[in-house]
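As a plain string of letters, each chain reads:
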Amino acid sequence: MTMLRLSTWVWLSLVGVVGFAMFQVKYQVMQVEDELNRVNRLIDGDRAEMRVLDAEWSFLNRAAWLDDLRRRYLTLAPISGSQIGSLDQIPFRASEQPASAGRTPAASHSRSVTLPGGPALVSVRQGARP
Amino acid sequence: MKTGARNHDNPCRPRHFKPPPCGPMPAEGPVKQSLEMSHTRLLLTGVLFALAFLVIGGRLIEVMVLKEGVPKLAQAHVRPNTEASRANIVDRGGILLATTLETSSVYADPKQMADAKVDVKEAARELATALPGINEPELAAKLGSEREFVWIRRQLTPDQQQAVNNLGIPGVLFKVEQRRIYPQGALAGHVIGYAGIDNKGLAGIERGLDDELKTSDDPVELSIDARVQYILEQEVQAQIAAFNARGGMGIIADVNTGEIVAMTSLPEIDPNAPGAINPDDLLNRATLGTYEMGSVFKIFNTAMALDDHVTTMAGGYDATHPIEIGHFTIHDDHAKARWLTVPEIFMYSSNIGSAKMAVDAGTERQEEFLGRLGLLKAPTLELQEIGQPQIPRPWHLINTMTVAFGHGISVSPLQMIIGVSAVVNGGILHRATLLKRKRDFHPAGTRVIAEQTSEDMRRLLRLVVERGTGRFAAAPGYLVGGKTGTAEKVEGKVYAKKELLSSFIGVFPINQPRYVIMVSVDTPHPNAKSYGEATGGWVAAPAVSRIVQRMAPIMGIPPVDEDSPEIRRALLVDFAASPGRKLAAD
């Protein structure tokens, strides 16, 4: 008799627990699905917004527009080839001459003259803003 | 039949204690067998059910308690990016060139308005204030009609949508539509093209890669560099304005990969307003237009003669007298009227010398060579606007002579770029592309001329800029080489003297070519500054010089000392005629 009761009760309670758990899961899934839909709507909205912002960013970065702003508000001009040089074109003073370089200051000075297009490495535009 | 074992059985014992039912039990026979079988089946079913319960229970514990697999599940169901029906187009630096945005369009349901007893005239007046430019009486008539759907205005701005929404008129509704936007405006308009309202590409890349744009989620990356594109458009436009020309075109390409970095055809088109485009401007002069290119063709003629050992850098031809053939006369525009060496023929752009060079090589060889450089058939590109070259048929001796200096054969600027790239990059022909190649990807290409020929050609191209017809293309520090070309345009069947196509093809840095630049100006008119000239050297070469100076710092090309001994030696051409051949006239 006790054996009968025990196994039956065990199974009955298991069925109850599993049934309850099933309902629980079902409701959880429904909740998660609602949440998923909400998040997906947010993602869609954010993506649409990002597309608009990307387009605006590109629009505001049009080269012609930046060029116009540059001309109106900045005293900057495109660099020319004569303003670009390499490090070994810079003349060192005798005291700053690296010992390992093994050349005389005069030799180093004469190298600097070969800078293409002119001696200025950085040109400052005259009449720039104070 | 009774056995001793069965004797102690009490028929009234509980059933479960002794499974068989009360009463005598058959110890053997079919009945017992079937009883045992059903017993076993029952047990098996019970076990299966228990197993199933265990599995379900286990899974429930896994899902509810351990929560395993949830992140994996989330990853497996990433939201696809489905709102846009068409992929973006970006330049090689990621700058957005074309995108699809959602916009609202406003429509009305006149029936619903009637049901709500809306005053149609009042509604039309309110809508006209919110949407400036709308025809009020026409709108009122539409709203008062019997239909169920009338457009009021399509593709509103967000402000307009807000304004209409604030009116709160019943029966006035919004519909979300997609609209293709080109944030960079007319920049590279011919390359990008445009798509129609039904999401179908109608021109440019939008048409050429229509299927890919429709199916792909990832943006299409073009080889175009928006910054260089701007420089090219601006400089070609400057020359068109300075010479009051009809139009112009320009291409900049990477000689080692075939990537087109910038390409323009002017007058420009704005893909944001395809309806406003003048049909004549739709022609992409850089790819669809084919032209007799003039002297820039001497690049190919000279390369052919050198590669075929018809002549050498030390060789030469007598250009003293014009050539008379049939009823044609071939003469030189910059006539020296003496014996010219091959470098001189190239640098002074001698038609006579070039024609003689071509005759020496022969018609067959010329046709084969130009075919090898892809000049005799339409090139492939990601655009559908590709022009078919017009080549001489039949190819007579006279054609051989005129083709030598770029007349009697019409090709597109794109073909010129492909061919010249192969001549200067060491002799490898690459197909042109508008799509960005992967970093460090070097397409194999096919060898069309010897490396030595390519090196000689680079020296000759430099010579033209240093001492020849292309001096205005020089850009201090950036070693430009190139060739001028001035072709008389064909009007019907005759050449129009005053209608020129003035071009320059430049390559830089010429000692180690990276980019080839072609600029052509259509029908330039001489101005005071050019001393009445409208040739390629005056019209197109200065633009190339400015383009090089502006784009080199952007592309990370360092300037060099043009007078350094290494560079002098690398580009040296001994162009003086050898003493034995020198004519008394010089």
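Everything below is about the structure printed above this text.
Before going into details, it helps to say that this report is about the structure given with it. Every value quoted in this text rests on a predicted model; they were computed, and no experiment measured them.

1. A word on the overall build of chain B
Thinking step 1. The helix and strand tally for chain B stands at 21 helices and 18 strands.
Thinking step 2. Taking 25 Å as the expected radius of gyration for a compact globule of 586 residues, we find that chain B reaches 40 Å, considerably beyond that expectation.
Thinking step 3. On the principal axes, the C-alpha backbone points of chain B span a range of 150 × 85 × 50 Å.
Thinking step 4. Going through the 586 residues of chain B one by one, you find that 44% of them count as buried.
Thinking step 5. Across chain B, the fraction of contacts at a sequence separation of at least 24, relative to all contacts at a separation of at least 6, is 71%.

2. Examining the interface of chain B and chain A
Thinking step 1. Facing the 34 residues of chain B at the interface are 29 residues of chain A.
Thinking step 2. Going through the elements one at a time, α2 (30-66), β2 (96-108), α11 (226-242) and α20 (541-554) of chain B are the ones with two or more residues in the side of chain B that touches chain A.
Thinking step 3. Examining the composition of the side of chain B that touches chain A, we find that six residues originate from one element, α2 of chain B, more than from any other.
Thinking step 4. The class makeup of the residues in the side of chain B that touches chain A is 20 nonpolar, seven polar and seven charged.

3. Concerning the nonpolar core
Thinking step 1. One finds Leu97, Ala253, Ile417, Val480, Val516 and Val544 of chain B to be the most contacted residues of the largest nonpolar core, which totals 130 residues.
Thinking step 2. Counting 14 residues, the second-largest nonpolar core is a separate cluster that includes Val120, Ile152, Leu156 and Val172 of chain B.

4. A closer look at helix α12 (residues 298-307) of chain B
Thinking step 1. For α12 of chain B, the buried fraction is high: ten of the ten residues fall into the buried class.
Thinking step 2. When α12 of chain B is considered as a whole, its buried residues turn out to be Lys298, Ile299, Phe300, Asn301, Thr302, Ala303, Met304, Ala305, Leu306 and Asp307 of chain B.

5. Details of helix α15 (residues 363-372) of chain B
Residues and elements named next belong to chain B.
Thinking step 1. For α15, the full list of buried residues reads Gln366, Phe369 and Leu370. The arc enclosing the buried residues of α15, seen along the axis, measures out at 95 degrees, which places them on a common side. Exposed side of α15, more than 90 degrees from the buried face: Glu364 and Gly371 are the residues found there.
Thinking step 2. Its buried side turned inward, α15 meets α12, α14 (351-361) and α16 (397-404).
Thinking step 3. Positive backbone phi, approximately 75 degrees, marks glycine 374, located one or two places after α15.

6. Things to note about unusual backbone geometry
Residue and element names in this part refer to chain B.
Thinking step 1. Leucine 266 connects to proline 267 through a cis peptide bond whose omega is 5 degrees.
Thinking step 2. Relative to the assigned elements, proline 267 resides in the loop between β7 (260-266) and β8 (291-292).
Thinking step 3. In the segment running from arginine 393 into proline 394, the intervening peptide bond is cis, with an omega of 0 degrees.
Thinking step 4. You can see proline 394 is positioned in the loop between α15 and α16.
Thinking step 5. At lysine 117, a position not held by glycine, the phi torsion is positive, near 55 degrees.
Thinking step 6. Looking at the element boundaries, lysine 117 is found in the loop between α4 (110-115) and α5 (120-130).
Thinking step 7. By the C-beta count within 10 Å, which is 7 here, lysine 117 ends up exposed.
Thinking step 8. Look at leucine 479: it is not a glycine, yet its phi comes out positive at around 40 degrees.
Thinking step 9. Structurally, leucine 479 can be placed in the loop between α18 (451-467) and β16 (481-491).
Thinking step 10. Overall, leucine 479 belongs to the buried group, with 27 C-beta atoms counted inside 10 Å.

7. A short note on the packing of α5 of chain B against helix α6 (residues 136-143) of chain B
All names here are of chain B.
Thinking step 1. Packing of α5 against α6 leaves a shortest axis separation of 9 Å and a crossing angle of 135 degrees. When the axis of α5 is compared with that of α6, the two are oblique. Helix-helix and strand crossings are classified by hand; for α5 and α6 the assignment is right-handed. Where α5 abuts α6, its residues Val120, Lys121, Ala123, Ala124, Arg125, Leu127 and Ala128 lie against Glu136, Leu139, Ala140 and Leu143.
Thinking step 2. A per-class count over the contact of α5 with α6 returns eight nonpolar, no polar and three charged.

8. Examining the pairing of β2 of chain B
Residues and elements named next belong to chain B.
Thinking step 1. In the sheet, strand β1 (residues 89-90) pairs with β2 via two bridges, with the strands oriented antiparallel. Each residue of the ladder has a partner; that of isoleucine 89, found in β2, is alanine 98.
Thinking step 2. Once β1 ends, the chain turns through five residues before running back antiparallel as β2, passing glycine 94 with a positive phi of about 90 degrees.
Thinking step 3. Pairing between β2 and strand β4 (residues 172-181): ten bridges, direction antiparallel. Bridging from a neighbouring strand, serine 104 pairs with valine 176 of β4.
Thinking step 4. Of the pairings in the sheet, the one linking β2 to strand β3 (residues 150-153) comprises three bridges and is antiparallel in character.

9. So, the environment of leucine 6 of chain A
Thinking step 1. In this structure, leucine 6 of chain A sits in helix α1 (residues 2-60).
Thinking step 2. Through-space distance from the C-alpha of leucine 6 of chain A to that of tyrosine 73 of chain A is 91 Å; in sequence the pair is 67 residues apart.

Criteria and thresholds
Residues numbered from 1 in each chain as written. Chains lettered and ligands numbered in written order. Predicted model: local features only at pLDDT ≥ 70, side-chain atom pairs only at ≥ 80, totals over all residues. Helix = DSSP H or I, 4+ residues; strand = E, 2+ residues; numbered from the N terminus. Rg over C-alpha atoms; globule rule 2.2 N^0.38 Å. Buried ≥ 20, exposed ≤ 12 C-beta atoms within 10 Å, placed from the backbone. Contact = placed C-beta atoms within 7 Å. Nonpolar A, V, L, I, M, F, W, Y, C, P; charged D, E, K, R; others polar. Core = buried A, V, L, I, M, F, W, Y, C linked by C-beta atoms within 7 Å. Arc of directions from axis to C-beta. Axes fitted to C-alpha atoms, helices over the stretch in contact; angles between N-to-C directions. Parallel < 35°, antiparallel > 145°, perpendicular 65-115°, else oblique. Left-handed = near helix turned anticlockwise from the far one by under 90°. Pairing = 2+ DSSP bridges.

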